[in-house]
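Structural characterization, general
The primary structure of each chain is shown beneath.
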Amino acid sequence: MPAGRCIICAAETKTRCSSCAKAGVDIFFCSPKHQKLLWPLHRFFCGPGKANPFKWPALSRAESRHAIDNLDTPPGPHAKGRTCRASTIMEHLRDEAGLPAHCHVSQILHATEPTHVQGRPVEMTAVNIRIAEYRLVRSNTADADLLTLPSLVPPLTYFTQVADVFGVFDLSADWLTGFLHRLSAVSLLARQASIPSFEESEAALLLLLPAHA
Ligand SMILES: [Zn+2]
Ligand SMILES: [Zn+2]
C-alpha cells in the first residue's frame, strides 16, 4: 500500500483518492475532512479521463450562458494593466486565444458540456473563458476589496487564473499533472483565505502553520 502526504495539510497517510488511483495518479488525503475540503475543485479533476493526464473541464451550461451573455460587456471601472488591453471577453478570446471574432459563440458552445469533442483547442476555450470571467470580475472590484477577489469567483475560475499566473498552459512536462493537482489544493486554500472570516477558518491554520512534522 503506497504512502504519501495529504495534499491539503502534508500529514503522512496511506489513504488516497480511489478514483484517481484508478487513473494512475496518487492523490493522498489524511482524512475525509480534507478530502471534502478539496472536493469542490477536485471533482473536476478526479478519476479516469480527468486526473491523469490532468485535463481542464468543459464549460458548464451556466458558465457558457454567462460568457455568451457577457461577450460584449466592457471591463468595469477598475480595469487596469492586462485587464484593460481587451475591451470585451470576445476581444480577449481573439487576442489571447487566437479565435476568429466571427465564431466566438460557436466556439463557446463547442466547449460546453456535454461536449463529445476532445482535444486541446476545446480545453483551451474553456480555460480562456474562465480567465476572461475572472478579469471581468477583477475589473469591477475596487482596490480596497482586492483581498476578497478570489472568493468572488467559483473555485474552478480562481484556480484557472492561478494556473495562468504560473504560465502552465503551454507546458507538456511529465511533472505537470502532479503539479496541477497540488496547485489546485493551494489555490483552494488561498481562495478560502480570501473569505472575510479568514482568521477563524481552518484554511488560515493550514496556510500559516508549518506542515506536520
Ligand atoms: Zn490533511
Ligand atoms: Zn480523485
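Computed from a predicted structure; not experimentally measured.

1. Considering the pattern of salt bridges
Scanning the model with the defined rule gives five salt bridges in all. With its nearest N and O atoms 2.8 Å apart, the salt bridge here joins Arg130 to Glu63. Taken together, the positions of Arg130 in helix H7 (residues 120-139) and Glu63 in helix H3 (residues 61-69) put the pair 67 residues apart, joining distant regions of the chain. For Arg130, a relative accessible area of 2% translates into the label buried. Judged by relative accessible area, which is 22%, Glu63 ranks as partly exposed. Note that Asp164 and Arg135 form a salt bridge whose closest N and O atoms lie 3.5 Å from each other. In this pair, Asp164 sits in helix H8 (residues 155-165) while Arg135 sits in helix H7, placing the two residues 29 residues apart along the sequence. A relative accessible area of 21% means that Asp164 is categorised as partly exposed.

2. Considering the coordination of the zinc ion (ligand 2)
Protein-derived ligands of the zinc ion (ligand 2) are Cys17 (SG), Cys20 (SG), His42 (NE2) and Cys46 (SG), with the metal-ligand distances lying across 2.0 to 2.4 Å. Geometry at the zinc ion (ligand 2) is tetrahedral, judged from its four donor atoms and the angles of 98 to 123° they form at the metal. Here the donor residues for the zinc ion (ligand 2) map to a single chain with the spacing C-x2-C-x21-H-x3-C. The residues Cys17 and Cys20 share a single accessibility class, namely buried.

3. Let's talk about the confidence of the model for the protein chain
Chain-level statistics for the protein chain give a pLDDT mean of 87 and a share of 85% at 70 or above. When mean pLDDT is taken per element in the protein chain, helix H1 (residues 18-22) scores highest with 97 and helix H4 (residues 82-85) scores lowest with 53.

4. So, the coordination of the zinc ion (ligand 1)
Octahedral six-donor coordination of a metal ideally yields angles of 90 or 180 degrees, compared with 109.5 degrees for tetrahedral four-donor coordination. The protein atoms donating to the zinc ion (ligand 1) are Cys6 (SG), Cys9 (SG), Cys30 (SG) and His34 (ND1), with metal-donor distances spanning 2.0 to 2.3 Å. Geometry at the zinc ion (ligand 1) is tetrahedral, judged from its four donor atoms and the angles of 98 to 117° they form at the metal. Mapped onto the sequence, the donors of the zinc ion (ligand 1) take the spacing C-x2-C-x20-C-x3-H. Of this pair, Cys6 sits in the loop between strand S1 (4-5) and strand S2 (12-13) while Cys30 sits in the loop between H1 and helix H2 (32-42), and the two are 24 residues apart along the sequence. Judged by its relative accessible area of 29%, Cys30 falls in the partly exposed class.

About the thresholds
Residues numbered from 1 in each chain as written. Chains lettered and ligands numbered in written order. Predicted model: local features only at pLDDT ≥ 70, side-chain atom pairs only at ≥ 80, totals over all residues. Heavy atoms only, no water. Salt bridge = Lys/Arg side-chain N within 4 Å of Asp/Glu carboxyl O. Helix = DSSP H or I, 4+ residues; strand = E, 2+ residues; numbered from the N terminus. Buried < 20%, exposed > 50% of the residue type's maximum accessible area, 1.4 Å probe, protein only. Donors = N, O, S within 2.8 Å, 3.2 Å for Na, K, Ca; no water. Tetrahedral: all angles 85-135°; square planar, octahedral: opposite > 155°, others 65-115°. pLDDT = per-residue confidence, 0-100.

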